[in-house]
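# Survey of secondary and tertiary structure
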Amino acid sequence: MLVLEPTIDLQWPPDDWSRIPYAIYTDPAIYAREMERFFYRDHWCYVGLAAEIPNPGDFKRSAVGERSVILTRDRDGAIHVVENRCAHRGVQFCQENFGNRKTLVCPYHQWSYDLKGNLIGLPYRKGVKQGDRVNGGMPEDFQLAEFGLEKLNVQVYNGVVFASFDFGLPPVESFLGPEIRRFYERIFDGRELVVHGYSRQRIPGNWKLMQENIKDPYHPGLLHTWFVTFGLWRADMKSTLYVDERGRHAAMTGARTEGAKSEITEGVTSFKEKMQLNDDRVLDIVFEPWWQGLTATLLTIFPSVIIQQQVNSLSTRHIVPRGPDAFDFVWTHFGFADDTPEMKRRRLRQANLFGPAGYVSADDGEVIEFSQRGFRQHEGRSTVVELDGRGTGGADHTVTETLIRSMYRYYREVMEV
Amino acid sequence: MIAGRLTIEDRLAIEDLYAAYVAALDERRYDDWLALFTEDCSYRLVSRENYERGLELSLLAFESKGMLQDRIFGIRETLFHEPYYQRHLIANFVFTPDDGAIAVQANYVVIRTKPAQPSEVYNTGRSRDRIVPTPDGFRFAERVCVFDSELILNSLIYPI
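These lines cover the structure that appears in this document, whether it is placed above or below. Since the structure is predicted, the reported quantities are computational estimates derived from the model, not experimental observations.

Turning to the sheet that holds strand β7 (residues 152-153) of chain B, a few remarks are in order. Strand order in the open sheet made by the eight strands is β15(A)-β16(A)-β17(A)-β18(A)-β19(A)-β20(A)-β14(A)-β7(B), with mixed pairing throughout. Each end of this open sheet is capped by a strand with a single partner; those strands are β15 (238-243) of chain A together with β7 of chain B. Where strand β14 (residues 193-203) of chain A meets strand β20 (residues 327-336) of chain A, ten bridges bridge the pair, whose relative direction is antiparallel. By the bridge assignment for β20(A), A:V194 is matched with A:G335. Helix-sheet contacts for helix α8 (residues 341-350) of chain A involve β14, β18 (305-310), β19 (313-321) and β20 of chain A, and the interaxial angle to β20(A) is about 160°.

Moving on to the interface of chain B and chain A. With 35 residues of chain B in contact, the opposing surface of chain A contributes 43 residues. Buried area between chain B and chain A, summed over both chains or domains, comes out near 3,400 Å², and the portion from carbon and sulfur atoms is 49%. If you sort the residues of chain B by the area they bury against chain A, B:L57, B:F80 and B:N154 come out on top, with a joint share of 20%. Across the chain B-chain A interface, the total number found is seven salt bridges. Across the pair B:K114 and A:E369 runs a salt bridge, and its minimum N-O distance is 3.4 Å. Where chain B touches chain A, the interface holds 25 residue pairs in polar contact (both at pLDDT 80 or more). Those elements giving two or more residues to the side of chain B that touches chain A turn out to be α3 (48-52), β2 (60-62), α4 (65-78) and β7 of chain B. With nine residues, α4(B) is the largest single contributor of residues to the side of chain B that touches chain A. Each residue belonging to the side of chain B that touches chain A can be placed in one class, and the counts come to 15 nonpolar, ten polar and ten charged. Relative to β7(B), β14(A) runs parallel, the two being bridged by two bridges. When the sheet's bridge partners are listed, A:Q201 is paired in β7(B) with B:I152.

On to the sheet that holds strand β6 (residues 98-100) of chain A. Residues and elements named next belong to chain A. Ordered by their spatial adjacency, four strands build an open sheet running β5-β4-β3-β6, and the pairing between neighbours is antiparallel. Bordering the open sheet on either side are β5 (79-83) and β6, each of which pairs with just one other strand. For this sheet, the mean angle separating the axes of adjacent strands, direction not counted, is 30°. Judged from the three bridges that link them, strand β3 (residues 58-64) and β6 form a sheet pairing that is antiparallel.

Rules used throughout
- Residues numbered from 1 in each chain as written.
- Chains lettered and ligands numbered in written order.
- Predicted model: local features only at pLDDT ≥ 70, side-chain atom pairs only at ≥ 80, totals over all residues.
- Heavy atoms only, no water.
- Pairing = 2+ DSSP bridges.
- Helix = DSSP H or I, 4+ residues; strand = E, 2+ residues; numbered from the N terminus.
- Contact = heavy atoms within 4.5 Å.
- Axes fitted to C-alpha atoms, helices over the stretch in contact; angles between N-to-C directions.
- Buried area = accessible area lost by both parts, 1.4 Å probe.
- Salt bridge = Lys/Arg side-chain N within 4 Å of Asp/Glu carboxyl O.
- Polar contact = N/O pair within 3.5 Å; in protein donor to acceptor, adjacent residues only side chain to side chain.
- Nonpolar A, V, L, I, M, F, W, Y, C, P; charged D, E, K, R; others polar.

As structure tokens, this is what we get:
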């Protein structure tokens, strides 16, 4: 096996997660090892929702790490995930985001595959007749079965499709662990899902910064003025943070407090006490029984996805790395098949808060871009992650960076750095 | 406007409305921009992907002049972002009189320039608007910008 060694010495003291070297966000050798160890083995990666391909023949183009993959639904209704790369000449043949086909055909030499990824035919396999002779053709021992598309391991877990190039994984349930699974199943309990649409953005920062952003309850009450003003996220809110046994996945959960001036907002320069909405329908929040009292649950499933419930707004956010300095962030907004038209409208209205233009997430992309610029400008420096001490694990408040430290405990173990 | 027919003067007045619209946005005169909408206006910025597949999610979806005002407040006071210039180019107008209003379609390109950065194509697509005559002149009753751009370049703060 090819072992990639980092090109620079990180000088990362053992068992320290309170400092994170800038190099892990910028170094190409580190990045290559992350792709291999996090995205291509040992981890389930999010690729989509089953509701996106409801009919036989439907397909969706998605990605696992940097590798383009295709989700298909075959005639029996089963979902498959295959790599978007022709077995013949390596062509990334699927160029559409969505569609419906009976077979997958590479345009270059028309090798065709069924919806499970099996090679079912190719032109001139037996050669081409010219007069009384036959020219060319594949060798006698050529077996179609040996040249299918690369198939991925797939598990559809309550409507969400996970895939991996690794076939030696435990089920998604055990990958998540019992506590994270509890919050996952709170949203995905097997109910039928309806997709409301997509937002796609390219963020010029390292992919891990998005995982960290959603494991960081320190920033929302400071960066996101909207949250503070309307009590959707405040430093004094009732909040519990959970982390899986290994430190990789997390759940930030909280219950809304009424927005008002208090000593917590004193000194927060972004707080706008007098801010009032001219049209407050974007905050027409209606409690749903399945919330179990929690108005926000943000799940970071390492390495590939964030699952968000913020009041009535629901989305998955897929992380697709594009080199150490950028990633694509694909938002899939959804609701439930039994939503009333009013609830659907409400979910769509609250979507104004989220996504690349959202009141409380456009600025996350901005600060991630600025972080990456900082990392690039001074090699050898580190970030400081010391809020609430230097330990790891969960917490019962928001004034902490423990989830980021937990992620780096896991990161160092797997990356051997 | 005479009985569902659009005069040359109407067309010129509507083109002037668009010129005023882009000048207000490009010069960050958001109150002037807001004044070009009717009270019960709507504004939608939606990806071509969602629009053509009949998916209702928009990047921005405002259902009243109040929501537009709230966005302006967000831009000025709450949304942390690196400032940038916008430069709108609008062309290829198609005017269709429609029950007292005028449906107007046009292609657009928005070029973004950040401080100390080269200019870049930021957002491009086609607008599908409904313009109505008011005592103050033509105004936007409905504006829908359907953008081709498959990836937003990080964030989108100002309206298109």
